[in-house]
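Below are the chains, spelled out letter by letter.
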Amino acid sequence: VVALGPDLYVDVDRGNGMAWYLEEETTTALESLCPIALIKAGGNSVLDTIQQFEQLAAALGADIDAPEVSAARDAWKAAEDAFKAAVEAKPGLKALAVSPDATQVYVVNSEWVGDLIYLRSLGLDVTVPENPDPGTFNNFEIISWEEIGKYSDEADLILVDSRNTPDWADGLTFWESLPAVEAGQVGTWYGVFPFTYEGLTGMLTAMTETIDATEVLGS
C-alpha cells in the first residue's frame with residue numbers, strides 16, 4: 001500500500017467498525033498515509049452497500065448515469081421483479097442458508113448477512129438462527145449436525161455456501177435424510193459476489209431459477 005501511494009483507501013466494514021481483515025495497528029498506520037472510506041456491509045442490505053459504492057464513485061467523479069451503468073441498473077431491476085414474482089408464486093416457502101462441513105453447520109444469519117437481508121425484503125422467508133456467534137461477526141450460528149433438525153425440519157429449500165467444494169457431503173448420510181435434501185431441493189447461497197448491480201443481477205437470476213424449481217413440502 002505504501003508503494004502504491006494511494007490518495008484514498010476503500011474497504012468494507014463487516015460489522016466491527018474496521019476495515020475488513022485489517023488489524024487496529026495496521027489501520028492506524030494506514031490512516032497516516034491516506035484517508036480510509038468504509039462501506040457498511042455487515043448488518044446491511046447488499047443493495048444499500050452497492051448504492052454506497054455508487055455514491056462514493058459519484059463523489060470521486062464517476063458518471064453514474066453513463067449508458068452502461070444505467071443498463072446495469074435496469075437489468076438489476078428486471079431481475080428483482082422476476083425474483084419477487086417467483087417468491088409470490090410459492091406462498092409459505094421457507095429457505096435455510098448454511099455453510100456446512102463434515103462435523104458442524106454454520107447457519108447463516110439472515111438478519112445480518114447483506115444478501116439475505118435483501119432477499120427477505122423481497123419476500124423470501126429465510127431462517128433466522130437463535131444464537132448468532134459474535135466470533136463470526138454475528139454472521140452465523142455454529143451448531144452440530146445433531147442440532148440441525150431444529151432448522152431443517154421446516155425448510156423447503158436449503159441453500160449451501162457457494163464456497164463449499166462439490167463433494168463436501170460425500171458419505172454424510174445424515175445430510176441426505178433432511179427433508180429438503182430428500183426432495184432434491186438444494187440450492188446455492190451466494191455468500192460472496194461483487195458489490196455491483198451486475199453481481200446482484202447474477203445472484204437474483206440464479207435464485208429465481210432455484211425458487212421456480214422448489215415446491216413447498218407437504219403442499
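This text gives an overview of the structure that appears in the document. (Residues numbered from 1 in each chain as written. Predicted model: local features only at pLDDT ≥ 70, side-chain atom pairs only at ≥ 80, totals over all residues. Heavy atoms only, no water.)

Focus on the nonpolar core
In step 1: Ranked by internal contacts, the top residues of the largest apolar core, which has 32 residues, are Phe83, Tyr118, Leu119, Leu124, Trp189, Leu200 and Leu204.
In step 2: Put simply, the parts of the chain that give this core at least two residues each are α2 (46-59), α3 (67-88), β3 (94-100), α4 (114-121), β7 (157-161) and α8 (197-212). (Core = buried A, V, L, I, M, F, W, Y, C linked by side-chain atoms within 4.5 Å. Buried < 20%, exposed > 50% of the residue type's maximum accessible area, 1.4 Å probe, protein only. Helix = DSSP H or I, 4+ residues; strand = E, 2+ residues; numbered from the N terminus.)

Some points on unusual backbone geometry
In step 1: If you check the backbone angles, Tyr21 has positive phi at about 70° while not being a glycine.
In step 2: Inspection of the secondary structure assignment puts Tyr21 in the loop between β1 (9-13) and α1 (24-31).
In step 3: When its relative accessible area of 71% is taken as the criterion, Tyr21 is described as exposed.
In step 4: At Asn138, a residue that is not glycine, the phi angle is positive and equals roughly 70°.
In step 5: With relative accessibility at 28%, the residue Asn138 sits in the partly exposed group.

Overview of the pairing of strand β4 (residues 104-108)
In step 1: Pairing of β3 with β4 involves three bridges; the strand directions are antiparallel. Bridging from a neighbouring strand, Val98 pairs with Val107 of β4.
In step 2: The turn joining β3 and β4, which pair antiparallel and follow one another in sequence, is formed by three residues.
In step 3: Where β4 lies against strand β6 (residues 140-144), five bridges are found, and the strand directions are antiparallel. Across the sheet, Val107 pairs through a bridge with Glu141, a residue of β6. (Pairing = 2+ DSSP bridges.)

As for the packing of α3 against α8
In step 1: Packing of α3 against α8 leaves a shortest axis separation of 9 Å and a crossing angle of 20°. The angle between α3 and α8 places the two elements in the roughly parallel class. Of the two possible hands of crossing, α3 and α8 adopt the one that is left-handed. Contacts from Ala72, Arg73, Ala75, Trp76, Ala79, Glu80, Ala82, Phe83, Ala86 and Val87 of α3 reach α8 at Tyr197, Glu198, Leu200, Thr201, Leu204, Thr205, Met207, Thr208, Ile211 and Asp212. (Axes fitted to C-alpha atoms, helices over the stretch in contact; angles between N-to-C directions. Parallel < 35°, antiparallel > 145°, perpendicular 65-115°, else oblique. Left-handed = near helix turned anticlockwise from the far one by under 90°. Contact = heavy atoms within 4.5 Å.)

Things to note about the pattern of salt bridges
In step 1: Applying the stated criterion to the full structure yields eight salt bridges.
In step 2: For Arg73, the salt bridge identified is with Asp65, shortest N-O distance 3.2 Å.
In step 3: We classify Arg73 as buried; its relative accessible area is 18%. (Salt bridge = Lys/Arg side-chain N within 4 Å of Asp/Glu carboxyl O.)

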